[in-house]
Amino acid sequence: MAGHFIDCIESVVLDCRCGEKLILLGRETVWRLRNAIFRCCCEENLTLDERTDEEAIRIEELVRNLRVTHS
């Protein structure tokens, strides 16, 4: 059985209020040009405004861990 692979360097993660995450493959700029609106499994509409900033999350976790170790 042959596998199907998508070669993708970039991805965008959208967070829904219900807790689900939607992963878009490709560059954010391409999705923004399309003015894309996506639908979560809970029927909520998602746009790139719901994008997860993975780097910001890692920084917040690092700062939180530093506060715990210095307390």
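My aim in this report is to walk through the structure given alongside it, one point at a time. Predicted, not measured: the structure shown is a model, and the values here were computed from it.

So, how was this worked out
- Residues numbered from 1 in each chain as written.
- Predicted model: local features only at pLDDT ≥ 70, side-chain atom pairs only at ≥ 80, totals over all residues.
- Heavy atoms only, no water.
- Helix = DSSP H or I, 4+ residues; strand = E, 2+ residues; numbered from the N terminus.
- Disulfide = S-S within 2.5 Å.
- Buried < 20%, exposed > 50% of the residue type's maximum accessible area, 1.4 Å probe, protein only.
- Core = buried A, V, L, I, M, F, W, Y, C linked by side-chain atoms within 4.5 Å.
- Contact = heavy atoms within 4.5 Å.
- Polar contact = N/O pair within 3.5 Å; in protein donor to acceptor, adjacent residues only side chain to side chain.

### Observations concerning the environment of D49
Reasoning step 1: Position of D49 relative to the elements: it lies in the loop between β4 (45-46) and α2 (54-70).
Reasoning step 2: Along the chain, D49 and D15 lie 34 residues apart, while their C-alpha atoms are 9.3 Å from each other.

### Details of the state of the cysteines
Reasoning step 1: Applying the stated criterion to the full structure yields zero disulfides.
Reasoning step 2: The thiol sulfur of C18 is not disulfide-bonded, and the nearest other cysteine sulfur, from C16, lies at 3.7 Å.
Reasoning step 3: On the basis of relative accessible area, C18 is assigned to the partly exposed category, the value being 43%.

### Quick look at unusual backbone geometry
Reasoning step 1: Phi at N35 takes a positive value of approximately 50 degrees, unusual for a residue other than glycine.
Reasoning step 2: With a phi close to 80 degrees, E43 is a non-glycine residue in the positive phi region.
Reasoning step 3: Note that E43 resides in the loop between β3 (38-39) and β4.
Reasoning step 4: For E43, a relative accessible area of 51% translates into the label exposed.

### Observations regarding the nonpolar core
Reasoning step 1: Core analysis: the largest hydrophobic core is formed by ten residues, namely V12, L14, C16, L24, W31, A36, F38, C40, L46 and L48.
Reasoning step 2: When near neighbours in sequence (up to four residues on either side) are disregarded, W31 contacts L24, L25, G26, A36, F38 and L48.

### Some details on the environment of D15
Reasoning step 1: Residue position: D15 is located in strand β1 (residues 11-15).
Reasoning step 2: Taking the relative accessible area as the measure of exposure, D15 reaches 26% and is therefore partly exposed.
Reasoning step 3: Polar side-chain contacts of D15 include one of 2.6 Å to the side chain of K21.

Any link to function would need more than the numbers given here.
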